[in-house]
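# Analysis of the macromolecular model
Listed below are the residues making up each chain.
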Amino acid sequence: MSDEVEEKKPIDIKKLLKSVLAFKSSDLHLVVGSEPQIRIDKELRPLNLPVLNAQEIEEMAYSLIEDKQKKEFEEHNELDFSFQLEGIGRFRANYYRTIYGIGCAFRMIPIDIPTLDEYGNPPIFKELIKREKGLILVTGPTGSGKSTTLASMLHEINLTERRHIITVEDPVEFVHKNIKSLFSQRDVGNSTASFATALKFALRQDPDIILIGEMRDAETIGAALTAAETGHLVFGTLHTNSAPSTINRIIDVFSGQEQAQVRAQLASSLIAVVAQSLIPKIGGGKVASQEILITNPAISNLIREDKVHQLYSQMQLNQTETSMTTQTQQLIDLVQRKKISKENALKNSNRPEELKKLIDNL
């Protein structure tokens, strides 16, 4: 009598996501031909589970979405969305198609939003969010904690101010409860057609504060600058790795004849740029490094006169009064406090030569 082949039990995606949270990981990856893998402190680690095939991943992926989302994915081979599992947690998901089948990336989103103090942000952030109008940008690569920093800022406002806050995100990540403020959260693709469309109509919705999940094109950036000039506090994100490069990225989105006007708008409306990265801590976990540019008359003048290359040296002056800091100074401080290793400081530095000279003198 031949041996019976043991049937492989399907993996329950909800149980998998629940178990991943127990590891305090940031991401879960499902890829054909590999066991499920999680990201802990920037490193991928395989779980002790069977290798997944295309059918298994498709079944898990489709169990979490509705027919409308399934149709969108099958038409475009890309799908970005967020969801909450009762008793488990909230997640941002991206489905994509590879040469072997569907791939899935899940990002864990805390349900309880940290305060600015709990997240370890500098005291200047509490002053910045009290401004009545202007533009505050939080920038950095994917996975740098931009969304968490912005959520903490809005949460602080929610605890202290009575404001109408409109968020436009793709997708909505942190869900805010109305405490003192009133939230209207909009999901691009479901609640509104696009960032630009939502911003166009947002000004008619009596907002005090607008959060733009991603400033990805000239129309969206232009609308954000206009809103910031006309009495609204606007928060936005870009995928840039330093404060000066953020200014250049915004200006370069526009054509040559428009750039002078955009520089003038930025010079008058920009409040601050926080360029953030997350670095592995000694002993486990991650710590945020935040380069902070805060607009003052000198900074505004350099932006207006197209002298962005001089911003870095201006950020280094009178920092006790300005509350500005460079990434190099942040990294040196984290090394001195034994929060991060010298190797990880250099690996994550935008100016490794400058940093190495200072580290060698420690």
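That block above? That's the structure.
In this report, we go over the structure that sits alongside the text. (Residues numbered from 1 in each chain as written. Predicted model: local features only at pLDDT ≥ 70, side-chain atom pairs only at ≥ 80, totals over all residues. Heavy atoms only, no water.)

### Quick word on the overall build of the protein
Let me state the cut-off plainly: By the criteria applied, helices consist of DSSP H or I runs no shorter than four residues and strands consist of E runs no shorter than two, each listed in order from the N terminus. We compute the radius of gyration from the C-alpha atoms alone; for a globule the expected value is 2.2 Å times N to the 0.38, where N is the number of residues. Remark: exposure states derive from per-residue accessible area (1.4 Å probe, protein chains only) relative to the maximum for the residue type, with buried under 20%, exposed over 50%, and partly exposed in between. Between two residues, a contact is recorded if the distance between any of their heavy atoms is within 4.5 Å. Only the protein chains shown count as covering a residue, and every accessible area follows the Shrake-Rupley method with a 1.4 Å probe. A positive count includes Lys and Arg, and a negative count includes Asp and Glu. His and the chain ends are not counted in either. Positions of charges follow a simple convention, taking NZ of Lys, CZ of Arg, CG of Asp or CD of Glu.
Summing up its helical and strand segments, the protein has 15 helices and 13 strands in all. Here the C-alpha atoms of the protein give a radius of gyration of 22 Å, agreeing with the 21 Å that 2.2 N^0.38 yields for 362 residues. Oriented by its inertia axes, the alpha-carbon framework of the protein measures out at about 85 × 55 × 40 Å. Buried residues in the protein amount to 48% of all 362 residues. For the protein, the proportion of contacts with a sequence separation of at least 24, taken over those separated by at least 6, is 56%. When the accessible surface of the protein is totalled, it reaches about 18400 Å², and 47% of it is carbon and sulfur. With 43 positive and 48 negative side-chain charges, the protein shows a spacing of 5 Å between the two charge centroids.

### As for the side chain of Thr115
As for its position among the elements, Thr115 is in the loop between β6 (102-109) and α4 (124-128). Discounting residues that sit within four places of it in the chain, Thr115 has contacts with Ser152, His155, Glu156 and Leu159.

### A closer look at a negative patch on the surface
The criterion, for reference: Think of a patch as exposed residues, more than 30% relative accessible area, with no salt bridge, where like charges cluster within 9 Å and nonpolar side chains (Val, Leu, Ile, Met, Phe, Trp, Tyr) cluster within 5 Å. Each reported salt bridge corresponds to a side-chain nitrogen of Lys or Arg within 4 Å of a carboxyl oxygen of Asp or Glu.
A contiguous patch of negative charge on the surface is contributed by Glu58, Glu59, Glu72, Glu74 and Glu75. Residue assignment for the negative patch shows that the elements contributing at least two residues are α2 (54-62) and α3 (67-76). A per-element tally of the negative patch places α3 first, with three residues. Examined against the element boundaries, Glu75 turns out to sit in helix α3. The exposed category is assigned to Glu75, whose relative accessible area is 53%.

### Focus: the pairing of strand β11 (residues 233-238)
Here is the rule we go by: By definition, two strands form a pair when at least two bridges between them are found by DSSP.
Burial runs high along β11: six of the six residues are buried. Covered by surrounding structure in β11 are Leu233, Phe235 and Thr237 together with Val234, Gly236 and Leu238, the residues of both alternating faces. Strand direction decides the pairing type here: strand β7 (residues 134-139) and β11, joined by six bridges, are parallel. Each bridged residue has a counterpart across the sheet, and for Gly134 the counterpart in β11 is Leu233.

### Considering the pairing of β7
Within β7, six of the six residues are buried, leaving the element largely enclosed by the surrounding structure. Side chains Gly134, Ile136 and Val138 of β7 all project onto a buried face; the interleaved residues Leu135, Leu137 and Thr139 project onto the opposite face, where all are buried too. As judged from the five bridges shared by β7 and strand β12 (residues 270-280), these two strands associate in the parallel manner. The residue of β12 that forms the bridge with Val138 is Val274.

### Here we look at the sheet that holds β6
The test is simple: Here the axes come from fitting lines to C-alpha atoms, over the contacting stretch only for helices, and the angles between their N-to-C directions go from 0 to 180 degrees.
One open sheet accounts for six strands, arranged β3-β2-β1-β6-β5-β4; its pairing is antiparallel. If you trace the sheet from one side to the other, it starts and ends with β3 (43-46) and β4 (78-85), each paired once. Adjacent strand axes in the sheet meet at a mean angle of 25 degrees, parallel and antiparallel pairs treated alike. Pairing geometry for strand β1 (residues 27-30) and strand β2 (residues 37-40), over three bridges, is antiparallel. What sits directly across from His29, in β2, is Gln37. Where helix α1 (residues 13-22) meets the sheet, it contacts β1, β2, β4, β5 (89-97) and β6, and its direction lies at approximately 140 degrees from that of β1. Most of the contacts of α3 go to β4, to which it runs at about 155 degrees, and overall it touches β4, β5 and β6.

### Looking at the side chain of Ser242
The cut-off we apply is this: For this analysis, a polar contact is any N or O atom pair within 3.5 Å, provided that within protein one partner can donate a hydrogen and the other can accept it, and provided that sequence-adjacent residues contribute only side-chain to side-chain pairs.
By the secondary structure assignment, Ser242 is in the loop between β11 and α8 (243-252). Only 2.9 Å separates the side chain of Ser242 from the side chain of Ser245, close enough to count as a polar contact.

### Observations concerning the pattern of salt bridges
Counted under the stated rule, the structure contains eleven salt bridges. Arg92 is the salt-bridge partner of Glu173, the closest N and O atoms lying 2.7 Å from each other. With Glu173 in the loop between β8 (164-169) and β9 (182-187) and Arg92 in strand β5, this residue pair connects regions lying 81 residues apart in the sequence. Owing to a relative accessible area of 10%, Glu173 belongs among the buried residues under this scheme. A salt bridge links Arg263 to Asp306, with the shortest nitrogen-to-oxygen separation between them at 3.9 Å.

### Let's talk about the nonpolar core
Using the following cut-off: We call a set of buried residues a nonpolar core when its members are Ala, Val, Leu, Ile, Met, Phe, Trp, Tyr or Cys and they connect through side-chain atoms within 4.5 Å of each other.
Among the nonpolar cores identified, the biggest contains 59 residues, and Met153, Phe235, Ile247, Leu266, Leu270 and Leu293 are the most heavily contacted of them. Not counting residues up to four positions away in its chain, the partners in contact with Ile247 are Leu266, Leu270, Val273, Ile303, Val308 and Leu311. Counting residues in each nonpolar core, the second largest holds 28 residues, with Met60, Tyr62, Phe91 and Cys104 among its members.

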